[in-house]
Amino acid sequence: MSPESPALIPRERPAFYLPDFCRAQSVLAVILIAELVALLLTLARHGISDGFWPSLAQTSLFLLWAALGTAAVFCAARGLLSRLDVVKGSIIALVLMLIVTALVTEGAWWLSDYSNRMLGLASPSRATDHLQFLLRNLAVGAIAGGLALRYFYVTHQWRRNVEAEAQSRVRALQARIRPHFLFNSMNTIASLTRSNPRLAEQAIADLADLFRASLREHRETIPLASEIEIARAYERVERLRLGDRLKVDWQLEALPMDAQVPALILQPLLENAVYHGIEPLGKGGTIRITGRREGNKAVITIGNPVEPKLVARRPGHQIGLDNVRQRLELMFHGEADVEVIETPEHFLVTLRFPAGATPA
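The sections below set out a description of the structure shown in this document. (Residues numbered from 1 in each chain as written. Predicted model: local features only at pLDDT ≥ 70, side-chain atom pairs only at ≥ 80, totals over all residues. Heavy atoms only, no water.)

**With respect to the nonpolar core**
Just so we agree on the cut-off: As used in this record, nonpolar core signifies buried Ala, Val, Leu, Ile, Met, Phe, Trp, Tyr and Cys residues forming a set joined through side-chain atoms within 4.5 Å. When accessible area is computed with a 1.4 Å probe and restricted to protein chains, residues below 20% of their type maximum are described as buried, those above 50% as exposed, and intermediate ones as partly exposed. Helix and strand definitions follow DSSP, with helices as H or I runs of at least four residues and strands as E runs of at least two, each counted in order from the N terminus. The contact criterion used is simple: two residues touch if any of their non-hydrogen atoms lie within 4.5 Å.
Ile-287, Ile-289, Ile-300, Leu-328, Leu-351 and Phe-353 are the most contacted members of the largest nonpolar core, which has 42 residues in total. Listed by contribution, the elements that provide at least two residues to this core are helix 7 (197–214), helix 8 (224–242), strand 2 (246–251), helix 9 (267–278), strand 4 (285–294), strand 5 (297–305), helix 10 (317–332) and strand 7 (346–354). Ranked by the residues each element gives to this core, the list is headed by helix 8, at 6 residues. Excluding residues within four positions of it along the chain, Leu-351 makes contact with Ile-265, Leu-266, Leu-269, Ala-298, Val-299, Ile-300, Val-324, Leu-328, Asp-337 and Val-338. Core analysis: the next-biggest nonpolar cluster, separate from the first, contains 25 residues, Ala-66, Ala-67, Phe-74 and Leu-81 among them.

Quick look at the structure:
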(Lines give C-alpha, C1' and ligand atoms only; values in the text may rest on other atoms or scores of the structure.)
Protein backbone atom coordinates (compact mmCIF):
# COMPACT_ATOMS: atom_id res chain seq x y z
CA MET A 1 0.00 0.00 0.00
CA SER A 2 1.45 3.33 -1.03
CA PRO A 3 2.07 6.15 1.47
CA GLU A 4 -0.53 8.21 -0.35
CA SER A 5 -3.20 5.51 0.14
CA PRO A 6 -6.41 6.98 1.61
CA ALA A 7 -6.42 4.27 4.27
CA LEU A 8 -3.22 5.71 5.74
CA ILE A 9 -4.40 9.30 5.76
CA PRO A 10 -5.70 10.20 9.22
CA ARG A 11 -9.19 11.62 9.10
CA GLU A 12 -9.96 14.61 11.23
CA ARG A 13 -12.45 13.82 13.99
CA PRO A 14 -15.46 16.14 13.72
CA ALA A 15 -16.11 18.41 16.66
CA PHE A 16 -18.68 17.12 19.18
CA TYR A 17 -22.10 18.55 18.57
CA LEU A 18 -22.83 19.93 22.04
CA PRO A 19 -22.40 23.70 22.20
CA ASP A 20 -20.20 25.51 24.69
CA PHE A 21 -22.33 25.66 27.84
CA CYS A 22 -19.95 28.19 29.33
CA ARG A 23 -21.51 30.76 26.96
CA ALA A 24 -24.65 32.70 27.79
CA GLN A 25 -26.39 31.80 24.51
CA SER A 26 -26.19 28.08 25.27
CA VAL A 27 -27.42 28.55 28.84
CA LEU A 28 -30.37 30.55 27.49
CA ALA A 29 -31.26 27.67 25.15
CA VAL A 30 -31.16 25.25 28.10
CA ILE A 31 -33.48 27.50 30.13
CA LEU A 32 -35.96 27.72 27.24
CA ILE A 33 -35.96 23.94 26.79
CA ALA A 34 -36.52 23.44 30.54
CA GLU A 35 -39.44 25.87 30.55
CA LEU A 36 -41.05 24.21 27.55
CA VAL A 37 -40.79 20.79 29.22
CA ALA A 38 -42.25 22.24 32.44
CA LEU A 39 -45.15 23.71 30.49
CA LEU A 40 -45.87 20.41 28.72
CA LEU A 41 -45.73 18.40 31.96
CA THR A 42 -48.02 20.82 33.77
CA LEU A 43 -50.53 20.88 30.93
CA ALA A 44 -50.56 17.09 30.77
CA ARG A 45 -51.02 16.80 34.53
CA HIS A 46 -53.54 19.56 35.32
CA GLY A 47 -54.76 21.09 32.08
CA ILE A 48 -56.08 24.64 32.45
CA SER A 49 -57.34 24.56 36.03
CA ASP A 50 -56.90 26.41 39.29
CA GLY A 51 -53.83 24.36 40.17
CA PHE A 52 -52.08 25.05 36.87
CA TRP A 53 -49.98 28.06 37.86
CA PRO A 54 -48.73 26.75 41.26
CA SER A 55 -47.86 23.43 39.64
CA LEU A 56 -46.11 25.20 36.74
CA ALA A 57 -44.04 27.27 39.18
CA GLN A 58 -43.03 24.18 41.16
CA THR A 59 -42.18 22.14 38.08
CA SER A 60 -40.29 25.04 36.48
CA LEU A 61 -38.21 25.56 39.62
CA PHE A 62 -37.23 21.90 39.74
CA LEU A 63 -36.39 21.69 36.03
CA LEU A 64 -34.39 24.90 36.12
CA TRP A 65 -32.26 23.51 38.95
CA ALA A 66 -31.67 20.35 36.94
CA ALA A 67 -31.06 22.20 33.67
CA LEU A 68 -28.65 24.77 35.07
CA GLY A 69 -26.83 22.08 37.04
CA THR A 70 -26.47 20.02 33.86
CA ALA A 71 -25.19 23.07 31.96
CA ALA A 72 -22.58 23.64 34.65
CA VAL A 73 -21.45 20.01 34.48
CA PHE A 74 -21.28 20.15 30.66
CA CYS A 75 -19.23 23.33 30.90
CA ALA A 76 -16.75 21.63 33.24
CA ALA A 77 -16.64 18.43 31.14
CA ARG A 78 -16.39 20.15 27.76
CA GLY A 79 -12.77 19.06 27.27
CA LEU A 80 -13.64 15.40 27.82
CA LEU A 81 -16.78 15.44 25.66
CA SER A 82 -15.05 17.19 22.77
CA ARG A 83 -12.57 14.29 22.44
CA LEU A 84 -15.28 11.63 22.06
CA ASP A 85 -17.30 10.55 19.06
CA VAL A 86 -21.04 11.14 18.79
CA VAL A 87 -22.21 7.83 20.32
CA LYS A 88 -19.86 7.75 23.30
CA GLY A 89 -20.23 11.46 23.93
CA SER A 90 -24.01 11.24 23.83
CA ILE A 91 -24.08 8.33 26.28
CA ILE A 92 -21.79 10.10 28.73
CA ALA A 93 -23.73 13.35 28.36
CA LEU A 94 -27.03 11.55 29.07
CA VAL A 95 -25.52 9.79 32.10
CA LEU A 96 -24.27 13.12 33.46
CA MET A 97 -27.73 14.60 32.98
CA LEU A 98 -29.34 11.73 34.89
CA ILE A 99 -26.81 12.05 37.73
CA VAL A 100 -27.58 15.74 38.06
CA THR A 101 -31.32 14.99 37.91
CA ALA A 102 -30.94 12.39 40.67
CA LEU A 103 -29.00 14.82 42.86
CA VAL A 104 -31.56 17.59 42.34
CA THR A 105 -34.37 15.12 43.03
CA GLU A 106 -32.79 14.05 46.30
CA GLY A 107 -32.23 17.65 47.29
CA ALA A 108 -35.83 18.58 46.50
CA TRP A 109 -37.14 15.55 48.41
CA TRP A 110 -35.12 16.23 51.54
CA LEU A 111 -35.92 19.94 51.38
CA SER A 112 -39.64 19.17 51.10
CA ASP A 113 -39.42 16.66 53.95
CA TYR A 114 -37.57 19.14 56.15
CA SER A 115 -40.10 21.90 55.39
CA ASN A 116 -43.03 19.61 56.23
CA ARG A 117 -41.49 18.65 59.54
CA MET A 118 -40.75 22.26 60.40
CA LEU A 119 -44.36 23.20 59.64
CA GLY A 120 -45.77 20.19 61.47
CA LEU A 121 -47.18 18.60 58.31
CA ALA A 122 -47.25 14.90 57.60
CA SER A 123 -44.30 13.54 55.65
CA PRO A 124 -44.88 11.06 52.80
CA SER A 125 -43.85 7.47 53.11
CA ARG A 126 -40.14 7.10 52.30
CA ALA A 127 -40.45 3.50 51.15
CA THR A 128 -42.85 4.13 48.27
CA ASP A 129 -43.22 7.82 47.44
CA HIS A 130 -39.51 8.54 47.59
CA LEU A 131 -38.64 5.80 45.09
CA GLN A 132 -41.54 6.73 42.81
CA PHE A 133 -40.52 10.40 42.90
CA LEU A 134 -36.94 9.50 42.00
CA LEU A 135 -37.83 7.09 39.19
CA ARG A 136 -40.40 9.46 37.72
CA ASN A 137 -37.94 12.33 37.60
CA LEU A 138 -35.25 10.13 36.11
CA ALA A 139 -37.65 8.99 33.40
CA VAL A 140 -38.65 12.57 32.62
CA GLY A 141 -34.98 13.60 32.67
CA ALA A 142 -34.03 10.81 30.26
CA ILE A 143 -36.79 11.75 27.81
CA ALA A 144 -36.15 15.49 28.03
CA GLY A 145 -32.40 14.96 27.90
CA GLY A 146 -32.68 12.75 24.84
CA LEU A 147 -34.83 15.35 23.08
CA ALA A 148 -32.39 18.10 24.03
CA LEU A 149 -29.41 16.11 22.76
CA ARG A 150 -31.28 15.43 19.54
CA TYR A 151 -32.04 19.14 19.17
CA PHE A 152 -28.38 20.08 19.66
CA TYR A 153 -27.27 17.36 17.21
CA VAL A 154 -29.68 18.48 14.49
CA THR A 155 -28.68 22.11 15.01
CA HIS A 156 -25.00 21.20 14.81
CA GLN A 157 -25.53 19.21 11.58
CA TRP A 158 -27.51 22.07 10.05
CA ARG A 159 -24.72 24.52 10.81
CA ARG A 160 -22.14 22.16 9.34
CA ASN A 161 -24.20 21.80 6.17
CA VAL A 162 -24.56 25.57 5.85
CA GLU A 163 -20.81 26.04 6.32
CA ALA A 164 -20.01 23.25 3.84
CA GLU A 165 -22.29 24.85 1.26
CA ALA A 166 -20.64 28.23 1.78
CA GLN A 167 -17.20 26.64 1.49
CA SER A 168 -18.24 24.93 -1.75
CA ARG A 169 -19.31 28.27 -3.19
CA VAL A 170 -15.99 29.80 -2.18
CA ARG A 171 -14.06 26.93 -3.78
CA ALA A 172 -16.02 27.37 -7.00
CA LEU A 173 -15.31 31.08 -7.05
CA GLN A 174 -11.71 30.50 -6.03
CA ALA A 175 -11.09 28.08 -8.89
CA ARG A 176 -12.56 30.43 -11.50
CA ILE A 177 -9.94 32.39 -13.48
CA ARG A 178 -11.30 34.64 -16.16
CA PRO A 179 -10.39 33.15 -19.56
CA HIS A 180 -9.61 36.55 -21.06
CA PHE A 181 -6.89 37.17 -18.49
CA LEU A 182 -5.27 33.77 -19.06
CA PHE A 183 -5.36 34.04 -22.86
CA ASN A 184 -4.14 37.63 -22.89
CA SER A 185 -1.31 36.80 -20.49
CA MET A 186 -0.17 33.82 -22.55
CA ASN A 187 -0.27 35.89 -25.76
CA THR A 188 1.77 38.62 -24.10
CA ILE A 189 4.33 36.11 -22.83
CA ALA A 190 4.55 34.51 -26.27
CA SER A 191 5.21 37.89 -27.89
CA LEU A 192 7.95 38.65 -25.34
CA THR A 193 9.71 35.31 -25.67
CA ARG A 194 11.94 36.54 -28.50
CA SER A 195 11.98 40.29 -27.95
CA ASN A 196 12.57 40.28 -24.18
CA PRO A 197 13.19 36.77 -22.74
CA ARG A 198 13.96 38.07 -19.24
CA LEU A 199 10.69 39.97 -19.07
CA ALA A 200 8.83 36.93 -20.41
CA GLU A 201 10.45 34.79 -17.70
CA GLN A 202 9.33 37.27 -15.02
CA ALA A 203 5.80 37.23 -16.44
CA ILE A 204 5.72 33.43 -16.32
CA ALA A 205 6.88 33.49 -12.69
CA ASP A 206 4.20 36.05 -11.81
CA LEU A 207 1.52 34.01 -13.57
CA ALA A 208 2.66 30.88 -11.73
CA ASP A 209 2.37 32.74 -8.42
CA LEU A 210 -1.21 33.74 -9.28
CA PHE A 211 -2.17 30.15 -10.13
CA ARG A 212 -0.52 28.89 -6.95
CA ALA A 213 -2.49 31.39 -4.89
CA SER A 214 -5.77 30.48 -6.63
CA LEU A 215 -5.25 26.80 -5.76
CA ARG A 216 -4.52 27.51 -2.12
CA GLU A 217 -6.73 25.77 0.44
CA HIS A 218 -9.71 28.02 1.17
CA ARG A 219 -9.10 27.98 4.96
CA GLU A 220 -5.41 28.76 4.67
CA THR A 221 -4.39 32.24 5.67
CA ILE A 222 -1.37 34.24 4.62
CA PRO A 223 0.27 37.45 5.88
CA LEU A 224 -1.08 40.65 4.41
CA ALA A 225 2.37 41.36 2.94
CA SER A 226 2.18 38.15 0.88
CA GLU A 227 -1.33 39.03 -0.31
CA ILE A 228 -0.09 42.45 -1.46
CA GLU A 229 2.77 40.80 -3.34
CA ILE A 230 0.27 38.55 -5.18
CA ALA A 231 -1.67 41.64 -6.22
CA ARG A 232 1.55 43.31 -7.38
CA ALA A 233 2.39 40.24 -9.45
CA TYR A 234 -0.99 40.54 -11.16
CA GLU A 235 -0.30 44.23 -11.77
CA ARG A 236 3.01 43.41 -13.45
CA VAL A 237 1.34 40.89 -15.76
CA GLU A 238 -1.40 43.34 -16.77
CA ARG A 239 1.09 46.17 -17.22
CA LEU A 240 2.78 44.13 -19.96
CA ARG A 241 -0.50 44.16 -21.86
CA LEU A 242 -1.81 47.65 -21.11
CA GLY A 243 1.50 49.51 -20.87
CA ASP A 244 1.27 53.17 -19.78
CA ARG A 245 -2.52 53.01 -19.75
CA LEU A 246 -2.36 51.24 -16.40
CA LYS A 247 -1.06 53.06 -13.34
CA VAL A 248 -1.43 51.80 -9.76
CA ASP A 249 -0.80 54.05 -6.78
CA TRP A 250 0.02 51.88 -3.73
CA GLN A 251 -0.28 53.58 -0.32
CA LEU A 252 -0.31 50.71 2.16
CA GLU A 253 2.53 51.62 4.50
CA ALA A 254 0.19 52.17 7.46
CA LEU A 255 -1.18 48.62 7.35
CA PRO A 256 0.01 45.80 9.68
CA MET A 257 1.80 43.58 7.18
CA ASP A 258 1.78 40.58 9.55
CA ALA A 259 -2.03 40.50 9.80
CA GLN A 260 -3.45 37.15 8.65
CA VAL A 261 -5.95 37.28 5.77
CA PRO A 262 -7.50 34.76 3.36
CA ALA A 263 -5.60 34.47 0.10
CA LEU A 264 -6.81 36.40 -2.95
CA ILE A 265 -8.82 39.21 -1.41
CA LEU A 266 -6.94 42.02 -3.21
CA GLN A 267 -6.19 40.48 -6.61
CA PRO A 268 -9.85 39.93 -7.65
CA LEU A 269 -10.67 43.54 -6.74
CA LEU A 270 -7.64 44.83 -8.60
CA GLU A 271 -8.69 42.70 -11.58
CA ASN A 272 -12.17 44.23 -11.43
CA ALA A 273 -10.62 47.69 -11.38
CA VAL A 274 -8.53 46.88 -14.47
CA TYR A 275 -11.21 45.02 -16.40
CA HIS A 276 -14.17 47.32 -15.68
CA GLY A 277 -12.38 50.60 -15.07
CA ILE A 278 -9.03 51.06 -16.83
CA GLU A 279 -9.43 48.83 -19.89
CA PRO A 280 -12.57 50.54 -21.32
CA LEU A 281 -10.89 53.98 -20.99
CA GLY A 282 -9.02 54.98 -24.14
CA LYS A 283 -6.30 56.83 -22.24
CA GLY A 284 -6.30 54.48 -19.26
CA GLY A 285 -6.20 55.74 -15.72
CA THR A 286 -4.87 55.32 -12.19
CA ILE A 287 -6.01 52.77 -9.62
CA ARG A 288 -5.46 53.99 -6.07
CA ILE A 289 -5.02 51.42 -3.32
CA THR A 290 -4.77 52.93 0.15
CA GLY A 291 -4.60 51.37 3.59
CA ARG A 292 -5.02 52.56 7.16
CA ARG A 293 -5.92 51.33 10.62
CA GLU A 294 -9.18 52.09 12.41
CA GLY A 295 -8.86 50.85 15.96
CA ASN A 296 -8.25 47.10 15.83
CA LYS A 297 -9.20 46.82 12.16
CA ALA A 298 -7.30 47.22 8.94
CA VAL A 299 -9.00 49.19 6.16
CA ILE A 300 -8.04 48.85 2.49
CA THR A 301 -9.68 50.98 -0.21
CA ILE A 302 -9.39 50.27 -3.94
CA GLY A 303 -10.65 53.03 -6.23
CA ASN A 304 -10.67 53.26 -10.00
CA PRO A 305 -12.12 55.64 -12.60
CA VAL A 306 -14.95 54.48 -14.86
CA GLU A 307 -16.24 55.68 -18.19
CA PRO A 308 -19.23 57.97 -17.48
CA LYS A 309 -20.82 57.16 -20.84
CA LEU A 310 -20.53 53.43 -20.30
CA VAL A 311 -24.08 52.62 -19.20
CA ALA A 312 -23.75 48.85 -18.86
CA ARG A 313 -20.59 47.37 -17.46
CA ARG A 314 -19.18 44.10 -18.67
CA PRO A 315 -20.87 41.01 -17.21
CA GLY A 316 -19.35 39.31 -14.17
CA HIS A 317 -18.52 42.44 -12.21
CA GLN A 318 -19.88 40.94 -8.97
CA ILE A 319 -17.85 37.70 -9.14
CA GLY A 320 -14.78 39.17 -7.45
CA LEU A 321 -16.83 41.06 -4.86
CA ASP A 322 -18.87 37.98 -3.92
CA ASN A 323 -15.66 35.98 -3.72
CA VAL A 324 -14.07 38.41 -1.28
CA ARG A 325 -17.24 38.79 0.82
CA GLN A 326 -17.57 35.03 1.30
CA ARG A 327 -13.88 34.58 2.13
CA LEU A 328 -13.96 37.29 4.78
CA GLU A 329 -17.24 35.97 6.23
CA LEU A 330 -15.90 32.43 6.54
CA MET A 331 -12.63 33.58 8.09
CA PHE A 332 -13.79 36.36 10.43
CA HIS A 333 -17.45 35.42 11.15
CA GLY A 334 -19.08 38.82 10.87
CA GLU A 335 -16.09 40.90 12.01
CA ALA A 336 -15.20 41.96 8.46
CA ASP A 337 -17.18 43.73 5.77
CA VAL A 338 -16.97 44.92 2.16
CA GLU A 339 -18.38 48.34 1.30
CA VAL A 340 -19.00 49.47 -2.27
CA ILE A 341 -19.47 53.10 -3.32
CA GLU A 342 -20.34 53.69 -6.96
CA THR A 343 -20.57 57.06 -8.71
CA PRO A 344 -20.85 57.94 -12.41
CA GLU A 345 -17.09 58.49 -12.60
CA HIS A 346 -15.57 56.33 -9.85
CA PHE A 347 -15.91 52.89 -8.31
CA LEU A 348 -14.68 52.43 -4.73
CA VAL A 349 -14.39 49.20 -2.70
CA THR A 350 -13.43 49.26 0.99
CA LEU A 351 -12.39 46.20 2.99
CA ARG A 352 -12.42 46.12 6.78
CA PHE A 353 -11.10 43.15 8.75
CA PRO A 354 -9.37 42.46 12.11
CA ALA A 355 -5.78 43.61 12.02
CA GLY A 356 -4.18 41.73 14.88
CA ALA A 357 -5.89 38.40 15.52
CA THR A 358 -5.64 35.28 13.44
CA PRO A 359 -8.99 34.42 11.86
CA ALA A 360 -11.05 31.75 13.53
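**A look at the state of the cysteines**
Put simply, the rule reads: Two cysteine sulfur atoms form a disulfide, by the criterion used here, when they sit within 2.5 Å.
The tally for this structure, following the rule as stated, stands at 1 disulfide. Sulfur-sulfur distance for the disulfide between Cys-22 and Cys-75 comes to 1.8 Å. Here Cys-22 and Cys-75 share a disulfide; its torsion about the S-S bond, 95 degrees, makes the bridge right-handed. Remark: Cys-75 occurs in helix 2 (residues 52–76) and Cys-22 occurs in the segment before helix 1 (24–46); sequence separation between them is 53 residues.

**What to know about helix 4 (residues 86–119)**
The line we're drawing: One fewer than the residue count of a helix, multiplied by 1.5 Å, yields its expected span.
The terminal C-alpha atoms of helix 4, which comprises 34 residues, lie 49 Å apart, in line with the 50 Å expected from a rise of 1.5 Å per residue. For helix 4, every residue scored as buried is listed here: Gly-89, Ser-90, Ala-93, Met-97, Val-100, Thr-101, Val-104, Thr-105, Ala-108, Trp-109, Asp-113 and Asn-116.

**Quick notes on the sheet that holds strand 6 (residues 337–342)**
Where we set the bar: By definition, two strands form a pair when at least two bridges between them are found by DSSP. Between N-to-C directions, angles cover 0 to 180 degrees, with each direction set by a line fitted to C-alpha atoms, over the stretch in contact for helices.
Reading across from one edge, 2-4-5-7-6 is the order of the 5 strands in this open sheet, with mixed pairing throughout. Each having just a single partner strand, strand 2 and strand 6 make up the two edges of the open sheet. Neighbour-to-neighbour, the strand axes of the sheet open up by a mean angle of 15 degrees, direction not taken into account. Pairing of strand 5 with strand 7, which is carried by 9 bridges, proceeds in the antiparallel orientation. Bridging from a neighbouring strand, Asn-304 pairs with Phe-347 of strand 7. Contacts between helix 8 and the sheet are confined to strand 2, strand 5 and strand 7, with strand 2 contributing the most and set at about 160 degrees to the helix. Against the sheet, helix 9 engages strand 2, strand 4, strand 5 and strand 7, with an angle of about 150 degrees to strand 4.

**Let's talk about the pattern of salt bridges**
Our working rule: Salt bridge, as applied in this entry: a Lys or Arg side-chain nitrogen positioned within 4 Å of an Asp or Glu carboxyl oxygen.
For the structure on display, the rule yields 11 salt bridges. When the shortest N-O distance is used, the salt bridge between Glu-238 and Arg-241 registers 2.9 Å. In this pair, Glu-238 and Arg-241 both sit in helix 8, 3 residues apart, roughly one turn of the helix. Overall, the relative accessible area of 24% leaves Arg-241 in the partly exposed class. Ionic pairing is found between Glu-339 and Arg-352, a salt bridge with its closest N-O pair at 3.0 Å. Pair noted here: Glu-339 is in strand 6 and Arg-352 is in strand 7, with a separation of 13 residues, a long-range link.

**Considerations on the side chain of Asp-206**
Residue position: Asp-206 is located in helix 7. In this structure Asp-206 comes out as buried when scored by relative accessible area, which is 2%.

**Re the environment of Leu-321**
Along the chain, Leu-321 falls in helix 10. Relative accessible area serves as the criterion here: at 1%, Leu-321 is assigned to the buried category. With 56 residues separating them in the primary sequence, Leu-321 and Ile-265 have C-alpha atoms 8.9 Å apart.

**Some points on the packing of helix 8 against helix 9**
How two helices sit against one another is set out by the angle between their axes and by the gap between those axes. This is how the line gets drawn: An angle below 35 degrees is read as roughly parallel, one above 145 as roughly antiparallel, one from 65 to 115 as roughly perpendicular, and any other as oblique. Should the near helix be turned anticlockwise from the far one by less than a right angle, the crossing is left-handed, and should it be turned clockwise, the crossing is right-handed. For this classification, the nonpolar set comprises Ala, Val, Leu, Ile, Met, Phe, Trp, Tyr, Cys and Pro, the charged set comprises Asp, Glu, Lys and Arg, and every other residue, Gly included, is treated as polar.
Their axes nearest at 9 Å, the elements helix 8 and helix 9 cross at an angle of 25 degrees. Between helix 8 and helix 9, the angle falls in the class roughly parallel. The element helix 8 and its partner helix 9 pack so that their crossing is right-handed. Counting all contacts with helix 8, which are made through Glu-227, Ile-230, Ala-231, Tyr-234, Glu-235, Glu-238, Arg-241 and Leu-242, the residues of helix 9 involved are Gln-267, Leu-270, Glu-271 and Val-274. A class-by-class count of the residues in the contact of helix 8 with helix 9 yields 6 nonpolar, 1 polar and 5 charged.

**So, the packing of aromatic side chains**
In plain terms, the rule: Working definition: rings of Phe, Tyr and Trp (its six-membered ring) pair if their centres are within 6.5 Å, and the pair is stacked with planes under 30 degrees apart, edge-to-face with planes over 60 apart, and tilted otherwise.
Taken as a whole and assessed by the stated rule, the structure comprises 8 aromatic pairs. Taken together, a centroid distance of 4.9 Å and an interplanar angle of 80 degrees make the contact between Phe-52 and Trp-53 edge-to-face. Under the relative-accessibility criterion, Phe-52 is labelled buried at 6%. A centroid spacing of 5.9 Å and a plane angle of 35 degrees characterise the contact between Trp-109 and Phe-133, whose relative ring orientation is tilted. Of this pair, Trp-109 sits in helix 4 while Phe-133 sits in helix 5 (residues 129–175), and the two are 24 residues apart along the sequence.

By themselves, these are just geometric observations and shouldn't be taken as functional.
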